[in-house]
Amino acid sequence: MTAKHFALLDRTEHLQDKILLKPVAKIREEYANVETINILVLTGGGVRGLIPLQVLAELEELTGKKAGELFDFMAGTSTGAINCAIMALPDSGHGRKFAAADILRDYVPNIREMFFAPWHHKFLTLFGLFGPRYLPDGKVKVLRGYFGDLTLAEVATNLLVPVYNLVDNSLQIIRNWQSKGSQDYTNYLLLDLIHGASNPPFLFSPQAFLIGDQKKVFIDPGVVINNPAEVILLNARLMFPNKKLRIVQITNGGNDGVNYSHQHMAEFGAYGLLQYLVNSPIISSKFSTDLVFEYIKETAELELDIDFICLDAKCEYKLSSGDVSDENMDKIKKFAKHLVNENSLAIADLAKKLIG
């Protein structure tokens, strides 16, 4: 750890001449003649972010379009935020710069550069016990390679990213649009936003930055909200109260949650509480999915048209979210193919709907 990792970066001058976030009215106008709003949701999961990319690459193969062109809105937490933001980047025309297949091709070398620490850092922090487990340099380098100096306002797909702001101790939902009359300075460098949104403080040291007189320190919101499905559902329903919403959530595998049962908290005292905290991102993700299903069930009588497609599969072996070894990555790739095969009919049907 060096002083550079705690330096306060002033982004004011860089952002002041950039375009502003688009208003909600403009988005409504853009989709005025569209019957169905297609939404992609990707949760957190560390190196398991490879799994939904495999599914999206299959969709790209079936449709002949990049994933960022298939969805009108994308919402991602942590590793899901990284993948969504990359797929939302514009090309020189009206398309997207990167396909899911492009990210997938470079995924393993990139994730290994992100999850890296020299031996002396491991020794000084006792392998993450007394400091972040990894230095952020490799992660920042990979993200800068994709984002450069682009800002949130410049992405081509409507994007929603939750973050936790340590400065005012609050969960914030960052979007590349803003409500009428909003005076908040809500544009960010994508590098700052996505680095923070995918930054568990026990893994990477957070980066502080300034915009005007506002200090920001963003970290991964996974403990509070690991699945943004309910948040994007609320945003889209308010924006399009009379349109059909199609929400596609792709899980990223793993059986981390099987080690925790809610009975643990009741039966094992402090140990049960510790297990709850350790598994909280997985539990949070499940609760969010449950809430979306409950909302759809409750609103069915009102004839609100919502299609929630959750592509999932059971994994019979443990997948680590922070292990970049060949063994773990091979297991993740194996499960990704299994998830695609298990959901082949649903994926094929979804592909037809997305281009229909």
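Residues numbered from 1 in each chain as written. Predicted model: local features only at pLDDT ≥ 70, side-chain atom pairs only at ≥ 80, totals over all residues. Heavy atoms only, no water.

S.K.: Help me understand the overall build of the protein, please; the structure alone is not making it clear to me.
M.R.: Scanning the protein from terminus to terminus reveals 16 helices and 11 strands. A buried classification covers 54% of the 356 residues belonging to the protein. Taking contacts inside the protein between residues at least 6 apart in sequence as the whole, the part at least 24 apart equals 75%. A total of about 17,200 Å² of accessible surface is found on the protein, and carbon and sulfur atoms cover 55% of it. (Helix = DSSP H or I, 4+ residues; strand = E, 2+ residues; numbered from the N terminus. Buried < 20%, exposed > 50% of the residue type's maximum accessible area, 1.4 Å probe, protein only. Contact = heavy atoms within 4.5 Å. Areas by Shrake-Rupley, 256 points an atom, 1.4 Å probe, with all protein chains shown as cover.)

S.K.: What's the story with the pairing of strand β3 (residues 36–42) in this structure? I'm lost.
M.R.: A regular strand places its side chains on the two faces of the sheet in alternate fashion. Counting buried positions over the seven residues of β3 gives seven, a clear majority of the element. Alternating residues of β3 divide into T36, N38, L40 and L42 and I37, I39 and V41, and every residue in both groups is buried. Both β3 and strand β10 (residues 244–250) contribute to a ladder of seven bridges, which runs parallel. Counted as the bridge partner of L42 is I250 from β10. Here four bridges tie β3 to strand β4 (residues 73–76), and the two strands are oriented parallel to one another. Of the residues in β4, the one forming a bridge with V41 is A75. (Pairing = 2+ DSSP bridges.)

S.K.: What exactly am I supposed to notice about the nonpolar core here?
M.R.: Soluble globular proteins tend to bury their nonpolar side chains together. Core analysis: the biggest nonpolar cluster contains 75 residues, and L56, L59, F71, M87, F147 and I194 have the highest contact counts within it. It is helix α3 (residues 50–63) that provides the largest number of residues to this core, a total of seven residues. Dropping the residues within four chain positions of it, M87 is found in contact with L40, L42, L56, A67, G68, M74, R96, F98, A100 and I103. Grouped together as the second largest cluster of nonpolar side chains are 23 residues, L160, W177, M239 and V292 included. (Core = buried A, V, L, I, M, F, W, Y, C linked by side-chain atoms within 4.5 Å.)

S.K.: Can you walk me through the packing of α3 against helix α15 (residues 326–342) in this structure?
M.R.: Any two packed helices are characterised by the angle at which their axes cross and by the distance between the axes. Direction vectors running N to C along α3 and α15 enclose 40°, while the axes themselves pass 9 Å from each other. As summarised for this structure, α3 and α15 are arranged oblique, according to the angle between their axes. In this structure, α3 meets α15 at a crossing whose hand is right-handed. Along the contact surface, α3 presents L50, I51, Q54, V55 and E58, while α15 presents M329, I332, K333, F335, A336, L339 and V340. Among the residues making up the contact of α3 with α15, the classes are represented as nine nonpolar, one polar and two charged. (Axes fitted to C-alpha atoms, helices over the stretch in contact; angles between N-to-C directions. Parallel < 35°, antiparallel > 145°, perpendicular 65-115°, else oblique. Left-handed = near helix turned anticlockwise from the far one by under 90°. Nonpolar A, V, L, I, M, F, W, Y, C, P; charged D, E, K, R; others polar.)

S.K.: Hey, could you run me through the side chain of N83 in this one?
M.R.: Here N83 is to be found in helix α5 (residues 79–87). By relative accessible area, which is 3% here, N83 ends up buried. In this structure the side chain of N83 is engaged in a polar contact, spanning 3.3 Å, whose partner is the backbone oxygen of G49. Beyond its immediate sequence surroundings of up to four residues, N83 is in contact with L42, G49, L53, I103 and Y107. (Polar contact = N/O pair within 3.5 Å; in protein donor to acceptor, adjacent residues only side chain to side chain.)

S.K.: Honestly, the packing of α5 against helix α9 (residues 137–147) in this entry has me stumped. Any pointers?
M.R.: For the pair α5 and α9, the least separation of the axes is 10 Å and the interaxial angle reads 25°. Relative to α9, the element α5 is oriented roughly parallel. Our pair here, α5 against α9, has a crossing hand that is left-handed. Between α5, through I82, A85 and I86, and α9, the contact on the second element is made entirely by L143, Y146 and F147. For the contact of α5 with α9, the residue count by class is six nonpolar, no polar and no charged.

S.K.: I would appreciate a short explanation of the pattern of salt bridges in the present structure.
M.R.: Two side chains that carry opposite charge are able to pair once their charged atoms sit near each other. In total, this model carries nine salt bridges according to the counting rule given. For D102, the salt bridge identified is with R105, shortest N-O distance 3.3 Å. Placement of both D102 and R105 in helix α6 (residues 100–105) is noted, with a separation of three residues, approximately one turn of the helix. When the shortest N-O distance is used, the salt bridge between R246 and D307 registers 3.7 Å. Taken as a pair, R246 in strand β10 and D307 in strand β11 (residues 306–311) lie far apart in primary sequence, 61 residues in all. (Salt bridge = Lys/Arg side-chain N within 4 Å of Asp/Glu carboxyl O.)

S.K.: I tried to follow the environment of T77 on my own but got confused; where do I start?
M.R.: Its place among the elements puts T77 in the loop between β4 and α5. Looking at T77, the relative accessible area reads 0%, which means it is buried. Sequence-distant contacts of T77, defined by excluding residues within four places in its chain, comprise L42, T43, G44, P162, D220, P221, I225, N226, N227 and P228.

S.K.: I'm lost on the confidence of the model for the protein in this one. Help?
M.R.: Any segment with low pLDDT has predicted coordinates that should not be analysed in fine detail. Per-residue pLDDT for the protein averages 85, and the proportion of residues at 70 or more is 78%. Per-residue pLDDT, averaged within each element of the protein, yields its smallest value for helix α8 (residues 119–124) (58) and its largest for α6 (98). (pLDDT = per-residue confidence, 0-100.)

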